[in-house]
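The residues making up each chain are set out below.
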Amino acid sequence: MTVHQTTGFTSPDLQGRETAIKPDYMSGFGNSFETEALEGALPVGMNSPQKINYGLYAEQLSGSPFTAPQATNQRSWLYRIRPSVKHSHRYARVDRGFIRTGPCREDAETAIGQMRWNPVAIPDEALTFVGGLRTVTTAGDSDTQVGMAAHLAFVTRSMENEYFFNADGEYLVVAQEGHLRFKTEFGVIEFGPGEICVVPRGVIFKVELVDGPARAYVCENYGGQFTLPDRGPIGANCLANPRDFLTPVAAYEDVEEESFLYVKWGGDLFVTRIEQSPLDVVAWHGNYAPYKYDLRRFSPVGALLFDHPDPSIFTVLTAPTETPGSANIDFVIFPDRWMVAENTFRPPWYHRNLMSEFMGLVYGVYDAKPEGFVPGGFSLHNQMLPHGPDMQAFEHASNVDLGPTKLAGTMAFMFETRFPQRVTAWAAGLPELQDSYIDCWQGLKKHFDPSRREPK
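Draft legend 1. Broad picture of the overall build of the chain. Scanning the chain from N- to C-terminus turns up two helices and 32 strands. Taken over the C-alpha trace, the chain has a radius of gyration of 23 Å; the compact-globule value for 456 residues is 23 Å, and the two agree within 12%. The 456 residues of the chain split such that 53% are buried. Taking the contacts inside the chain whose residues are at least 6 apart along the sequence as the reference set, 77% of them involve residues at least 24 apart.

Draft legend 2. Region of the structure containing the sheet that holds strand 6 (residues 57–62). The four strands lie next to each other as 5-23-7-6, forming an open sheet whose pairing is antiparallel. Because the sheet does not close on itself, it has two edges, and the strands there are strand 5 (33–36) and strand 6. Recorded for the sheet is a direction-independent mean angle of 20° between the axes of neighbouring strands. Summarising the sheet, strand 7 (residues 75–80) and strand 23 (residues 281–286) pair through five bridges and their orientation is antiparallel. Bridging from a neighbouring strand, L78 pairs with W284 of strand 23.

Draft legend 3. Seen up close, the packing of aromatic side chains. Throughout the structure, instances matching the rule amount to 27 aromatic pairs. Summarising the aromatic geometry, the rings of Y366 and F373 are spaced 6.1 Å apart at their centres and angled 80° between planes, so their arrangement reads as edge-to-face. Each member of the pair, Y366 together with F373, is buried. Members of the aromatic cluster, joined through ring pairs, are W117, Y217, F331, F358, F378, F413 and F415.

Draft legend 4. Representation of the side chain of N221 in the model. Note that N221 resides in strand 18 (residues 214–221). Within the structure, the side chain of N221 is placed 2.9 Å from the side chain of N328, a separation counted as a polar contact.

Draft legend 5. The pairing of strand 31 (residues 411–417), seen in detail. Most of strand 31 is tucked away, with seven of its seven residues classed as buried. Of the two faces of strand 31, the one holding M411, F413, F415 and T417 and the one holding A412, M414 and E416 are both buried throughout. Where strand 26 (residues 329–334) lies against strand 31, five bridges are found, and the strand directions are antiparallel. Bridge pairing in strand 31 links F334 to A412. Where strand 28 (residues 356–363) meets strand 31, seven bridges bridge the pair, whose relative direction is antiparallel. In the sheet register, E357 faces strand 31, and the bridge partner there is E416.

Draft legend 6. Representation of the state of the cysteines in the model. If you walk through the whole model with that rule in mind, you get zero disulfides. Considering cysteine sulfurs only, C219 is the nearest to C197, which forms no disulfide, with 13 Å between them. Look at C197 and you get buried, because its relative accessible area is 0%.

Draft legend 7. Broad picture of the sheet that holds strand 29 (residues 378–381). Strand order across the open sheet formed by six strands is 9-29-28-31-26-25, with antiparallel pairing between neighbours. Edge positions in the sheet fall to strand 9 (115–117) and strand 25 (315–319), since each has one partner strand and no second. The mean inter-strand angle of the sheet, taken between neighbouring strand axes irrespective of direction, is 15°.

Draft legend 8. Spatial organisation of a nonpolar patch on the surface. A cluster of nonpolar side chains, contributed by L304, W338 and V340, occupies part of the molecular surface with about 360 Å² of accessible area. Turning to its location among the elements, V340 is positioned in the loop between strand 27 (337–339) and strand 28.

Draft legend 9. The arrangement of unusual backbone geometry in detail. Note the cis peptide between G102 and P103, where omega equals 0°. By the secondary structure assignment, P103 is in the loop between strand 8 (91–94) and strand 9. Phi angles above zero are rare outside glycine, and Y54 is one such case at about 65°. Even without glycine at this site, Q145 takes up a positive phi of about 60°. For Q145, the position within the fold is in the loop between strand 10 (133–141) and strand 11 (146–155). For Q145, a relative accessible area of 48% translates into the label partly exposed.

Draft legend 10. How the structure looks around the pattern of salt bridges. Taken as a whole, this structure holds 18 salt bridges when the rule is applied. A salt bridge links R181 to E208; the nearest nitrogen and oxygen atoms lie 2.9 Å apart. With a gap of 27 residues between them, R181 in strand 14 (residues 180–184) and E208 in strand 17 (residues 205–209) connect regions that are remote in the sequence. Notably, a salt bridge pairs E253 with K206, separated by 3.6 Å at the nearest N-O pair. Of the two residues, E253 is situated in strand 20 (residues 251–254) and K206 in strand 17; the sequence distance between them amounts to 47 residues. One exposure class covers both E253 and K206, and it is buried.

Draft legend 11. How the structure looks around the environment of P320. Here P320 is to be found in the loop between strand 25 and strand 26. Sequence separation between P320 and D330 is 10 residues, and the spatial gap between their C-alpha atoms is 8.3 Å. Excluding anything up to four places from it in sequence, P320 contacts Q225, T227 and N328.

Draft legend 12. Local environment of the pairing of strand 12 (residues 162–166). With five of five residues buried, strand 12 is to be regarded as a mostly interior element. Burial of the side chains of strand 12 extends over both faces: E162, F164 and N166 are buried on one face and Y163 and F165 on the other. Bridge analysis of strand 12 against strand 21 (residues 259–265) gives five bridges, and the strand direction is parallel. Opposite F165, over in strand 21, you have V263 as the bridge partner.

Scoring rules and cut-offs
Residues numbered from 1 in each chain as written. Predicted model: local features only at pLDDT ≥ 70, side-chain atom pairs only at ≥ 80, totals over all residues. Heavy atoms only, no water. Helix = DSSP H or I, 4+ residues; strand = E, 2+ residues; numbered from the N terminus. Rg over C-alpha atoms; globule rule 2.2 N^0.38 Å. Buried < 20%, exposed > 50% of the residue type's maximum accessible area, 1.4 Å probe, protein only. Contact = heavy atoms within 4.5 Å. Pairing = 2+ DSSP bridges. Axes fitted to C-alpha atoms, helices over the stretch in contact; angles between N-to-C directions. Phe/Tyr/Trp six-rings, centres within 6.5 Å; stacked < 30°, edge-to-face > 60°. Polar contact = N/O pair within 3.5 Å; in protein donor to acceptor, adjacent residues only side chain to side chain. Disulfide = S-S within 2.5 Å. Patch = residues over 30% accessible without salt bridge, like charges linked within 9 Å, V, L, I, M, F, W, Y side chains within 5 Å. Areas by Shrake-Rupley, 256 points an atom, 1.4 Å probe, with all protein chains shown as cover. Salt bridge = Lys/Arg side-chain N within 4 Å of Asp/Glu carboxyl O.

Listed below in structure tokens is the structure:
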């Protein structure tokens, strides 16, 4: 087994063998990068010369139509030991397990309502990233490239001679417990709780454990790629700054061993047997590549005098649609921040929303739900169904002394989409589903008094 990348770092891998692959990164969001693991592997001044150094093959991976406008045109050139047609033989359909893809109507018997789940424990069985995916909700239609799915990922075993790519969408992975190593065609990404990893549609990868079993939230985006939101009057700075996104440098495996490539395509799962590792890209350049981001580097903005801004100010990434301002998905976080607004109800207000909200808690306490919503748990507030602070949060926020307060040690997030999210049979049948969740608002009292006016 031979592995290479630009840094000459050596460390033992999971089997105790020596490997030169380790994470190393280039910074910036949406950049056109170039990187090579062997000097001279990248052609100069052209993409597809007649002969390439080291006997490599040139191959383009396109994440958009060829004629997409320049601002949204996504492609990378890969220089690899074998073209990907050699990493693809006859496919066989395999059991998709608990993976579901929109449209998914198996939830027909599930009544609508506000829903919340306790954390689902990591199973005591051998599960790779693919085998450990459990779909909670689906929305839209992957065949028409609209909508999304929300999954949980349980990983208790590293993928060895197993690889995977998703033709239905890109993955945004939110680590919640344990660290994961994604070895991709483009290089290596390691991340843990408080960080995310985004793997574009079609990119081949395998997932390894770093420090024991891991649990993560996964958003599968069927639509246009995630990008940074427009800041509008906020201007050029704050929120998620482009420099903090990290894309891996080139790293490759030259492995001659029987391997299996799994593919999610059209909602089904297929496998093909190959004779070598498909992670054989020695150099690449372009703007279609995986990346990671540390959510703790998000620079929040907020109200400095009074009132509560819309939660859109906490958007890290957005997947736009043809309707300006109406996202296929918004990825929103609620990190550490100061609360300073005067004469203001500071938690999120009660609301009904066109967007449906899948929410998870990575660590800490969420201010609108201090009870019952714990790290590893998740909730669903679907399109136009009312939600907001529970009774305890309302009473506390309505009567507390409004001095400057810092919310610290917290990280919650939302996968928000314009489509209704349908709950899978697996998620609806979980014992962790809280039957009593709806009762968190039952204690809200009537305070109406026509003769009562609050002092100014």
